[in-house]
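# Fold and geometry: a report
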Amino acid sequence: MADAEKKLPSVPESLLKRRKAYAASKAFRIKRLLAVKKARKAERKVIYKRAEQYHKEYRQMYRREIRFSRTARSVGNYYVPAEPKLAFVIRIRGINGVSPKVRKVLQLMRLRQIFNGVFVKLNKASINMLRIAEPYIAWGYPNLKSVRELIYKRGHGKIRKQRIALTDNVLVKKNLGKYGIICVEDLIHEIYTVGKNFKSANNFLWPFKLSSPRGGMNKKTTHFVEGGDAGNREDQINRMIRRMN
Amino acid sequence: MCRGGRMFAPTKTWRRWHRKINTTQKRYAICSALAASAIPALIMSKGHRIEEIPEVPLVVEDKVEGYKKTKEAVLLLKKIKAWNDIKKVYASQRMRAGKGKMRNRRRIQRRGPCIIYNQDAGVTKAFRNIPGITLQNVNKLNLLRLAPGGHVGRFCIWTESAFRQLDNLYGTWRKPSTLKRNYNLPMHKMTNTDLSRILKSEEIQKALRAPKKKIIRRVLKKNPLKNLRIMFKLNPYAKTARRHAILKHDPKLSSATDPGKNHENYHVLHADADFPIAVESAIEAHNVGGVAFMQNLKLPYNLVPDGRFDFQVDELQRRITLTTHKKKKVWGIGMQFSGAR
């Protein structure tokens, strides 16, 4: 049946097949690793350029306001700056004895715990919601430093329904990549200049768990305008954020 | 006196004692039990000591059916190395735990091997006094004896004719049973049971993704506002921005300045290790001319040498103050855009 020359191979065929398959997959893996590395390097460049561009953009935004008001003043006119688009809302009261409407509004804004903070886009609808929940929240218009510090220090993302710390741009890219947000700087930019994908970017951010304000609050049961803490305090919210972040 | 009253839910004799099971199901069970009795792993896991028996299933000659003396039976068991199982039965003879003791169920012991014969020419009498042994006629197999306790895999010793009878009783997959009306062996749930071979096969391996051997663990979050490296990891531009900020606010460069607003931009260059020129050569160069001087300076940042600058060379403090007329500020990332917005 078998020739005299044909012997059994020294190594079983299945093993040879395995080795070949392994070698092929290894080559493929190495090639892919190099491609990934290259892509990562290019990505880093893109992130750098974007951050640089945003830096310039923020500077321009800042100077533009100043310039407009100056030119207006110089001809005796008045410059009315645009109404703010972004608010930062902090819940300052606890969870007991809350009326149902207020409770629902706070739930909708994801403020389920005392000293939780969220960013909110300001429009007629959301301003009215803030009015309903006024005695329970302190809110205002955050500046760039507030936005950056909050996201860098206490930024966590909602990833597969879990609260995951933003320790790497990869986490941002995987979840918000489809909106063109690939790094934390992109995220900050989207939040600060309320962009087209603000809703997704903001929803990605888990509500900020802030510390209680160092140095204390004034009187959380009354409105800010009467010497307390509740309600809209416009720019003064930044001072509060510094104490709570 | 004793307490009165009747017991709760007095037990009645008309409790439903019997259960109806379909015949095919009963036969399925017997087939499964017989199949299990042919797998050494299952028999061992049931606890029978079958390490030394010649093979499984264990079949002996028909002469065994003619044994009359228990001594012959014991000799047979010793010769086929099944005696260890019996010894285990002896070792397991003990008092029952519980009230069964006073209810005529005082002593308990293990089950030993099961002898299955075709015709009883005395085998029952020979083997029945050996503890643990059960005798069964192959034509009347009892599931309670083949799978005692509900667990399959009892050690069975067959006589030759009993073993041959199984084909007639249950059939093979090729022909149905002759002794049972309209009965065939049940179909396999899995025809190829060599699991490791299946899993390593080409077809399955090709459909799998590569195994993820790397364990990804949680990274500790560090504060980018405090930890430089983490900041640069998240934002590569932060490095240059911070450098610019440091240079701008470096006290060596800005100490002589008036920190007022809207002043002309100027830089104070110290002739120290940062810059490759000495004050003397600077003065010299200064006397020579502006642009060449600028080119020699090798500044750490970009200043456009358009010729429109002044120098004040301070020999006492070894300082050159360079004033440009361009309102070009160096902005750092630490700039606070505080105020109205």
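About the criteria used
- Residues numbered from 1 in each chain as written.
- Chains lettered and ligands numbered in written order.
- Predicted model: local features only at pLDDT ≥ 70, side-chain atom pairs only at ≥ 80, totals over all residues.
- Heavy atoms only, no water.
- Buried < 20%, exposed > 50% of the residue type's maximum accessible area, 1.4 Å probe, protein only.
- Helix = DSSP H or I, 4+ residues; strand = E, 2+ residues; numbered from the N terminus.
- Pairing = 2+ DSSP bridges.
- Contact = heavy atoms within 4.5 Å.
- Buried area = accessible area lost by both parts, 1.4 Å probe.
- Salt bridge = Lys/Arg side-chain N within 4 Å of Asp/Glu carboxyl O.
- Nonpolar A, V, L, I, M, F, W, Y, C, P; charged D, E, K, R; others polar.
- Disulfide = S-S within 2.5 Å.
- Phe/Tyr/Trp six-rings, centres within 6.5 Å; stacked < 30°, edge-to-face > 60°.

### Focus: the pairing of strand β2 (residues 116-121) of chain A
Residues and elements named next belong to chain A.
- For β2, the buried fraction is high: 5 of the 6 residues fall into the buried class.
- The pairing of strand β1 (residues 86-91) with β2 spans 5 bridges and is classified as antiparallel. Across the sheet, Ala87 pairs through a bridge with Val120, a residue of β2.

### Remarks on unusual backbone geometry
- In this structure, the amide linkage connecting B:Val56 to the following residue, B:Pro57, adopts the cis form with an omega of 0°.
- Residue placement: B:Pro57 occurs in the loop between α2 (40-46) and β1 (58-60).
- Here the phi dihedral of A:Arg110 falls at roughly 65°; this positive angle occurs in a residue that is not glycine.
- By secondary structure assignment, the location of A:Arg110 is in the loop between α2 (100-108) and β2.
- Look at A:Phe115: it is not a glycine, yet its phi comes out positive at around 60°.

### A few points about the interface of chain B and chain A
- Each partner contributes residues to the interface: chain B has 25 residues there, and chain A has 32 residues.
- Together, the buried faces of chain B and chain A total about 2700 Å²; carbon and sulfur atoms form 60% of this surface.
- Run the count over chain B and chain A and you get 2 salt bridges.
- The salt bridge partner of A:Lys17 is B:Glu202, with a shortest N-O separation of 3.4 Å.
- Every element with two or more residues in the side of chain B that touches chain A is listed here: α10 (228-234) and α11 (237-249) of chain B.
- A per-element tally of the side of chain B that touches chain A places α10(B) first, with 4 residues.
- Partitioned by chemical class, the residues of the side of chain B that touches chain A number 13 nonpolar, 7 polar and 5 charged.

### Notes on the state of the cysteines
All names here are of chain B.
- Going through the model one piece at a time under the given rule, you end up with 0 disulfides over all chains.
- Sulfur of Cys114: no disulfide; nearest cysteine sulfur belongs to Cys156 and is 4.7 Å away.
- Accessibility expressed as a relative area gives 0% for Cys114, which makes it buried.

### Things to note about the packing of aromatic side chains
All names here are of chain A.
- By the definition in use, this model includes 10 aromatic pairs over all chains.
- Relative to Tyr79, the ring of Phe68 lies with its centre 5.3 Å away and its plane at 65°, an arrangement referred to as edge-to-face. A residue pair is termed long-range when its members are at least 10 positions apart, and Phe68 in helix α1 (residues 13-74) and Tyr79 in the loop between α1 and β1 qualify at 11 residues.
- We classify Tyr79 as partly exposed; its relative accessible area is 27%.

### A word on the sheet that holds strand β6 (residues 208-209) of chain A
- The mixed open sheet is built from 5 strands, whose spatial order is β6-β2-β1-β3-β7 (chain A). Either end of the sheet is taken by a strand with one partner, and the two such strands are β6 and β7 (231-232) of chain A.

### Things to note about the pattern of salt bridges
- Enumeration according to the criterion identifies 10 salt bridges over all chains in this entry.
- Between B:Lys233 and A:Asp168 there is a salt bridge, with the nearest N and O atoms lying 3.9 Å from each other. Note that B:Lys233 is positioned in helix α10 and A:Asp168 in the loop between β5 (162-165) and α5 (169-176), a pairing that runs across two chains.
- Looking at B:Lys233, the relative accessible area reads 37%, which means it is partly exposed.
- For A:Asp168, a relative accessible area of 26% puts it in the partly exposed group.

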